[in-house]
Amino acid sequence: MFNLGKKMQSCPYYASKKLAPFVDVICIPYICLLHDKTREQLKIPLKNSIIIVDECHNFMEALYQIYSFSLTYRHLAQAFSQITAYKEKFKKRLKQKTLLYIDQIVRLLNSVMTFLKEKHKAKGSENQSSHQLIDFLIDLKLDKYDFFKLEAFIQDSQISKKILGYSEKQASTQTQIPKTESSRPSPIDEVNIEEIKATKDVATLERFLEFLIALIRSNDSDSRLIVTLSDKIVDSSLKIVNMEPARYIDNILKECISMIFAGGTLQPVHFLFVSHI
């Protein structure tokens, strides 16, 4: 496929994606199978398939990693910078509905950053705490937002890709941290701007939006929010941890004919077999 693509001056990656439904054997990493959005984008056929999971002792760890989402304060501040700069640049050209949802995302960023900042100011000897997702949503008054409409807007408008494209164009110039129109101080006013700009991850807004979608979709009884406080506020973080990620393979098991687990030891996935198979 590579040699053919090189000869025809075309991309073998996209050619292999189109051929996926027609081949007999597909070799893919765990994430392409287990992550539903990635699986849909790659059009991996599950119906009437036999799935062989090799090196099975890594399976549960892969599930935990795929369905855990983390953000640092640095990511949040950078995302705040990106979306406010985009809004300031294009506010006269954007539709009112788009501006409404962008304002919602800005307020959500403000709320989460303020939460982390207050936790950091009040931190004692305990540098890590666990919270139920519903408590986090209520404490930050996030339950008043219609997250399902917001998720639909994020996916339909592709807003994160548009802002990412604009941010990449501005990356070569000096980053400006825009001030909010509100008279209240911004959560990033007291943070060292150079520390915020130090992140090399340009897609920070996309990470935040993925974090929001994870909040929406996660089952409160199975998930926890872990708050980790560091010496520097920019390194403090939030992490959604799924306590029972094995439920995410239910749809895979329903569609495929069979799922074969192969490996040197199956002991780490005993819980998976007992609970779901």
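Residues numbered from 1 in each chain as written. Predicted model: local features only at pLDDT ≥ 70, side-chain atom pairs only at ≥ 80, totals over all residues. Heavy atoms only, no water.

Once that is clear, we can look at the packing of helix α7 (residues 96-121) against helix α9 (residues 147-157). Two elements in contact, α7 and α9, have axes separated by 11 Å at closest approach and are oriented at 115°. Classified by the angle between their axes, α7 and α9 sit roughly perpendicular to one another. The element α7 and its partner α9 pack so that their crossing is left-handed. The segment α7 lies against α9, with T98, Y101, Q104, I105 and L108 engaging F147, K149, L150 and F153. Residues of the contact of α7 with α9, tallied by class, amount to 6 nonpolar, 2 polar and 1 charged. (Axes fitted to C-alpha atoms, helices over the stretch in contact; angles between N-to-C directions. Helix = DSSP H or I, 4+ residues; strand = E, 2+ residues; numbered from the N terminus. Parallel < 35°, antiparallel > 145°, perpendicular 65-115°, else oblique. Left-handed = near helix turned anticlockwise from the far one by under 90°. Contact = heavy atoms within 4.5 Å. Nonpolar A, V, L, I, M, F, W, Y, C, P; charged D, E, K, R; others polar.)

Turning our eyes to something else, we now look at the pairing of strand β4 (residues 223-228). Note: strand β3 (residues 128-131) against β4, 4 bridges, orientation antiparallel. By the bridge assignment for β4, H131 is matched with L225. Two strands pair when backbone bridges link them, and β4 and strand β5 (residues 237-242) are joined in this way by 6 bridges, in the antiparallel orientation. By the bridge assignment, S223 is partnered in β5 with N242. (Pairing = 2+ DSSP bridges.)

Now for the nonpolar core. Soluble, globular proteins show a tendency: their nonpolar side chains are buried together. One finds L109, F136, F147, L150, F208 and L238 to be the most contacted residues of the largest nonpolar core, which totals 49 residues. Put simply, the parts of the chain that give this core at least two residues each are α6 (73-90), α7, α8 (133-139), α9, α10 (159-170), α12 (204-217), β4 and β5. Per-element tally for this core: the top contributor is α7, with 11 residues. If sequence neighbours within four positions are ignored, F208 has contacts with L71, L76, I105, L108, L109 and V112. By size, the runner-up hydrophobic cluster in this structure holds 17 residues, among which are L46, V53, C56 and L63. (Core = buried A, V, L, I, M, F, W, Y, C linked by side-chain atoms within 4.5 Å. Buried < 20%, exposed > 50% of the residue type's maximum accessible area, 1.4 Å probe, protein only.)

A few words on the packing of aromatic side chains. On inspection of all chains with the given rule, the structure shows 7 aromatic pairs. Judged by centre distance (6.1 Å) and plane angle (70°), the ring pair of Y86 and Y166 falls under edge-to-face. Placement of the pair is Y86 in helix α6 and Y166 in helix α10, with a sequence separation of 80 residues. Taking relative accessible area as the criterion, Y86 reaches 8% and is therefore assigned buried. Here a set of aromatic residues connected by ring pairs shows up, and it is made of Y86, F90 and Y166. (Phe/Tyr/Trp six-rings, centres within 6.5 Å; stacked < 30°, edge-to-face > 60°.)

A volume near 1,000 Å³ is recorded for the largest pocket. Surrounding the largest pocket, 28 residues form its lining, H35, K37, F69, E210 and I213 being those nearest its centre. Secondary structure elements with two or more residues in the lining of the largest pocket: α4 (36-42), β2 (69-72), α9, α10 and α12. No other element matches α12, which puts 8 residues into the lining of the largest pocket. For the lining of the largest pocket, the residue count by class is 11 nonpolar, 9 polar and 8 charged. (1 Å grid on protein atoms, 1.4 Å probe; cavity = no way out; pocket = protein on both sides within 12 Å on 5 of 7 lines; lining within 4 Å. Points joined across faces, edges and corners; volume = space filled by probe spheres on them.)

What follows covers a positive patch on the surface. There is a patch of like positive charges on the surface, built from K95, K97, K149 and K162. Along the chain, K97 falls in helix α7. The class for K97 is exposed, based on a relative accessible area of 58%. (Patch = residues over 30% accessible without salt bridge, like charges linked within 9 Å, V, L, I, M, F, W, Y side chains within 5 Å. Areas by Shrake-Rupley, 256 points an atom, 1.4 Å probe, with all protein chains shown as cover. Salt bridge = Lys/Arg side-chain N within 4 Å of Asp/Glu carboxyl O. Lys, Arg positive; Asp, Glu negative; His and termini not counted. Charge placed at Lys NZ, Arg CZ, Asp CG, Glu CD.)

Now for α10. With 12 residues, α10 should cover 16 Å at 1.5 Å per step; its first-to-last C-alpha distance of 17 Å lies within 8% of that length. By the burial criterion, the buried members of α10 are I159, S160, I163, L164, Y166 and S167. Angularly, the buried residues of α10 cover 165° about the axis, an arc narrow enough to put them on a single face. Within α10, the exposed residues directed more than 90 degrees away from the buried face are K161 and K169. The inward-facing, buried residues of α10 abut α6, α7, α9 and α12. (Expected span 1.5 Å × (residues − 1). Arc of directions from axis to C-beta.)

Right, let's talk about unusual backbone geometry for a bit. Of all residues except glycine, most have a negative phi; of all peptide bonds, most are trans. Non-glycine residue N48 carries a positive phi angle of around 60°. Although it is not a glycine, K141 adopts a positive phi angle of roughly 60°.

Our focus in this paragraph is the environment of I66. Checked against the element boundaries, I66 lands in helix α5 (residues 59-66). I66 gets classed as buried once you look at its relative accessible area, which sits at 12%. As for I66 and Y30, which are separated by 36 residues in sequence, their C-alpha atoms are 9.1 Å apart. Excluding anything up to four places from it in sequence, I66 contacts Y30, I31, L34 and H35.

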